[in-house]
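For reference, the chains in residue letters:
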Amino acid sequence: MQYYDVDSTVTSLFYPKPNISYIEEYMNFSRQFYGLVLLILMSVCLTAVAEEEIKEVVRLEEIVVTARKREQRSFEVPLSVSTLRGDRFDTLRSSGMDVRFLSNRTPSLQVESSFGRIFPRFYIRGLGNTDFDLNASQPVSLLYDGVVLENALLKGFPAFDLDRVEVLRGPQGTLFGRNTPAGTVKFESARPTQNLEGYGRVSYGRFNSSNFESAISGPIIPSVLSARLSLLTQWRDDWVDNEHTGEDDVLGGHRDLAGRLQLLWTPMPALEARFKAHARDLDGTARLFRANILSKGEGGLVQDFARDRIAHDGPNEQTLRTQGLSAEVRYDIGDFQLVSLTGFERLTNFSRGDIDGGYGAAFLPVSGPGEIPFPSETASGIPNLRQFSQEVRLMSPAVHRLAYQFGLYYFSEFVEMEDFNYDTLAGGTLDGVARQEQKSTARAAFAALTFQMLENLELGAGLRLSHGAKDYTAWRDEAPAVTEAGPLGPIHENPEDTVWSGDMSLRYQVASNVQTYLRAARGFRAPSIQGRLLFGDTVTVADTETILSFEGGTKFRVWGQRLHLNMAAFQYLMQDQQLTAVGGETNFNRLVNADSTIGRGVEAELIFMPITALEISAGFSYNHTRIDDPNLTIQGCGAPCTMLDPSVAEGIFSIDGNSLPQAPGWIADVALSYALSLPSDIRLVASTDWAYRSRVRFFLYDSVEFGDDWILIGGVRLACLLPSSDIEVALVGRNILNDTSPTGGIDFNNLTGFVNEPRFWSLELVRRF
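Criteria and cut-off values
Residues numbered from 1 in each chain as written. Predicted model: local features only at pLDDT ≥ 70, side-chain atom pairs only at ≥ 80, totals over all residues. Heavy atoms only, no water. 1 Å grid on protein atoms, 1.4 Å probe; cavity = no way out; pocket = protein on both sides within 12 Å on 5 of 7 lines; lining within 4 Å. Points joined across faces, edges and corners; volume = space filled by probe spheres on them. Helix = DSSP H or I, 4+ residues; strand = E, 2+ residues; numbered from the N terminus. Buried < 20%, exposed > 50% of the residue type's maximum accessible area, 1.4 Å probe, protein only. Pairing = 2+ DSSP bridges. Salt bridge = Lys/Arg side-chain N within 4 Å of Asp/Glu carboxyl O. Phe/Tyr/Trp six-rings, centres within 6.5 Å; stacked < 30°, edge-to-face > 60°. Patch = residues over 30% accessible without salt bridge, like charges linked within 9 Å, V, L, I, M, F, W, Y side chains within 5 Å. Areas by Shrake-Rupley, 256 points an atom, 1.4 Å probe, with all protein chains shown as cover. Core = buried A, V, L, I, M, F, W, Y, C linked by side-chain atoms within 4.5 Å. Contact = heavy atoms within 4.5 Å.

1. Thoughts on empty space enclosed by the protein
Turning to step 1, where the next piece is worked out: As enumerated under the stated definition, the model contains 17 cavities of 30 Å³ or more in all.
Turning to step 2, where the next piece is worked out: Of the voids in this model, the largest cavity is the one considered here, and its volume is about 860 Å³.
Turning to step 3, where the next piece is worked out: Around the largest cavity, the lining is made up of 41 residues, and of these M97, R100, V755, N756 and E757 lie nearest the centre.
Turning to step 4, where the next piece is worked out: Looking at the lining of the largest cavity, the elements that each hand over two or more residues are β4 (109–112), β39 (682–693) and β42 (711–721).
Turning to step 5, where the next piece is worked out: Take the lining of the largest cavity: its biggest share by element is three residues, from β4.
Turning to step 6, where the next piece is worked out: Looking at the second largest cavity, its volume works out to about 530 Å³.
Turning to step 7, where the next piece is worked out: Considering the residues around the second largest cavity, the lining is formed by 34 residues, among which S114, F115, F132, F289 and I746 are closest to the centre.

2. Notes on the pairing of strand β45 (residues 752–755)
Turning to step 1, where the next piece is worked out: In β45, alternate side chains face the same way, and those of T752 and F754 on one face and G753 and V755 on the other are all buried.
Turning to step 2, where the next piece is worked out: Relative to β45, strand β44 (residues 742–746) runs antiparallel, the two being bridged by four bridges. Across the sheet, the residue bridging to G744 is F754, located in β45.
Turning to step 3, where the next piece is worked out: Where β44 hands over to β45, the hairpin turn is made up of five residues, counted between the paired strands.

3. A short note on the pattern of salt bridges
Turning to step 1, where the next piece is worked out: In this structure the tally under the stated criterion is 51 salt bridges.
Turning to step 2, where the next piece is worked out: A salt bridge links E62 to R557, with the nearest nitrogen and oxygen atoms 2.8 Å apart. Remark: R557 occurs in strand β31 (residues 545–558) and E62 occurs in the loop between α2 (22–51) and β1 (64–65); sequence separation between them is 495 residues.
Turning to step 3, where the next piece is worked out: Overall, the relative accessible area of 16% leaves E62 in the buried class.
Turning to step 4, where the next piece is worked out: When its relative accessible area of 4% is taken as the criterion, R557 is described as buried.
Turning to step 5, where the next piece is worked out: Across the salt bridge formed by D281 and R255, the nearest N and O atoms sit 3.1 Å from each other. Placement of D281 in strand β16 (residues 271–284) and of R255 in strand β15 (residues 254–268) is noted, with a sequence separation of 26 residues between them.
Turning to step 6, where the next piece is worked out: For D281, a relative accessible area of 25% gives the class partly exposed.
Turning to step 7, where the next piece is worked out: Through salt bridges with shared partners, a single network forms among D90, R93, R201, E213, R717, E728, E764 and R768.

4. Concerning the packing of aromatic side chains
Turning to step 1, where the next piece is worked out: The full count for this structure, using the stated rule, is 17 aromatic pairs.
Turning to step 2, where the next piece is worked out: For the ring pair F350 and F420, a centre distance of 6.2 Å and an interplane angle of 55 degrees mean the geometry is tilted. Of the two residues, F350 sits in strand β19 (residues 336–354) while F420 sits in strand β23 (residues 402–423), which places them 70 residues apart along the sequence.
Turning to step 3, where the next piece is worked out: Of the residues examined, F350 reaches a relative accessible area of 22% and is grouped as partly exposed.
Turning to step 4, where the next piece is worked out: Where W559 meets F608, the ring centres are 5.5 Å apart and the plane angle is 45 degrees; that geometry is what we call tilted. Taken together, the residues W559 in the loop between β31 and β32 (563–581) and F608 in strand β33 (residues 590–611) connect sequence positions 49 residues apart.
Turning to step 5, where the next piece is worked out: Classification of W559 as partly exposed rests on a relative accessible area of 26%.

5. Points about a nonpolar patch on the surface
Turning to step 1, where the next piece is worked out: Taken together, L196, I216, I220, I221, L229, L231, L261, L263, W265, F275 and F769 make up a surface patch of nonpolar side chains, about 970 Å² in accessible area.
Turning to step 2, where the next piece is worked out: Listing elements by their share of the nonpolar patch, those giving two or more residues are β11 (209–221), β12 (225–236) and β15.
Turning to step 3, where the next piece is worked out: Here L196 is to be found in the loop between β9 (183–189) and β10 (197–205).

6. Some thoughts on the nonpolar core
Turning to step 1, where the next piece is worked out: Membership of the largest hydrophobic core comes to 74 residues, with the highest contact counts inside it found for L102, F122, F187 and F706.
Turning to step 2, where the next piece is worked out: No other element matches β32, which puts five residues into this core.
Turning to step 3, where the next piece is worked out: Apart from the residues within four sequence positions on either side, L102 is in contact with L84, L109, V111, F122, V165 and F187.
Turning to step 4, where the next piece is worked out: Among the nonpolar cores identified, the runner-up in size contains 17 residues, and V65, V148, L175 and F446 belong to it.

So, in structure tokens, the structure goes:
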């Protein structure tokens, strides 16, 4: 695939001069933003006239979210927020895909993983972390029913039987604390009900895949105690041949089980308590790394690439076990409400893979595919992870002119990590062991308020003071023989910091169906530590990163609630951004802080129902990010790639001016659903959805090979609803064009890459009651 920069034209509009000052940048951005607002206001005038002509009553539902830890209509929340729920949510994950199904399905959201079905890495507005170490922190926080899942392995818990997914863009430091400078993704489970209800969903498809999902909810003691049990089973057979060993269908499969039990206790009108237990058990294939699949000097995949063939001489395995408990208690004290949220998580994991992606080595008689400089076979795992969190907050009534909440938060985590190296040429014998331990604690106090200054003008403000500390130890029991090193350590690091975060917003109601807002927010990510002592001898620490973000937006509910349109523009300045210099000749992780990073962009989403039978939803975003640090240099690729950054020394390159890794300039998605009524009360529902993202680079440096120009994923679903509408039969297709794109790489050995999920077809049966 020919290398090109798809963002160059747009970049010139946002950055007309290479060394323009921050003030000038802001002025340029402001002119573009307010021009966009002017066009929006003109459209409001036109749609207000058009509404007078609407005769048919067709209304879109206004979704209620908890972006500010209160139930509010999304229309009234002064920040950029997206929701996924209902049929669209079920369709997107119908192939049995893990949480990466969310990638590019809302503006500015990208999700990828170098582990496969676990360890998802989230990016919002270009901000994320490509680090693959097991204690890596991320600037996007994920909360499941309000409980933060800090470790990236916990973030991969399957999304099933949910009421909705909320994506909050921009810093969320006031209410959600540390490690939210990019935003927050919130999974909200369907709650227990006092009416007996439930569903079962079973599907069978390509690769002998079978998925079963079910939930049953109802009363145990009427009006006092109800329960909801949710189960998920996902199975896929191995479907990838190993050409080196001559074995067919030996890799690519998985068995993924998950369950959740909720109890909702309401012994009196003033008290509500929800208790939850959940667990996951995964056994399957780790990420398949493929040697020399990236075309040297051109980029993209080599012409003879095939998904269903690989050539490995090392084992591949992956296991993950998680268990969790949580309790949310709400107690009304007069007009106030006291809320307590407690969470506990446990995890064990092990992943082993053939990292060089091939077999043999260049110094042996047989090797391939392509040139393999040396064999690499490693594993990593967490034998023990424990996380505890506790939040208590007091909320005033939301109906008063002044509404507020304040609270306290505590978080602790202990994680043991192990890294192993294996000598492939000696039959995979153990050839190196390194270990890490990390204890983390965080404490915070926060307050947030909204004040109705005028009937149509609301002021919002919040402040949070956080203190965090880490106690880290790393040591090496045995070094790989090739390093000619010995045991090392223990090495200790104890970073801590006290940081404030907050936000301020103005929301103005232009009309009953038009809201506009301005928001400024400050967020941060706590210090991070990395020490890959298996091949290195140093531990690196990244200082606290902070972000100052400005955002403005307008939300419309027009044409008689048949059209919902949200638009936003933003810019941010991040100081001391934590970056991960991955790879190089030793595949060593090094944490660095960039002096500053600049980002800006626009986002838009719409849902349109022109007639009762047709619903259209779409979103797009443009993000531009830029590292601004003339002194920041890193190693280039250890593989024979074509570097595009300026060289400052042998193998060392400047990344000043580069965009961030895994940060596409453009993201767009569209979904259409059409329902057709047939005789005998049978209904056919046809839907299609498409997601696009533009070029991404895989690492901090810029090279021809380690990136992907674009990806376009399409899906279809044709469903037949039987007369009762309780039974549904559907044909499902995902990635129907069979887009085959690299989504990441390994740069220290050869032009190794890994790719997106293949085309998938299945039949699905759904029964609701």
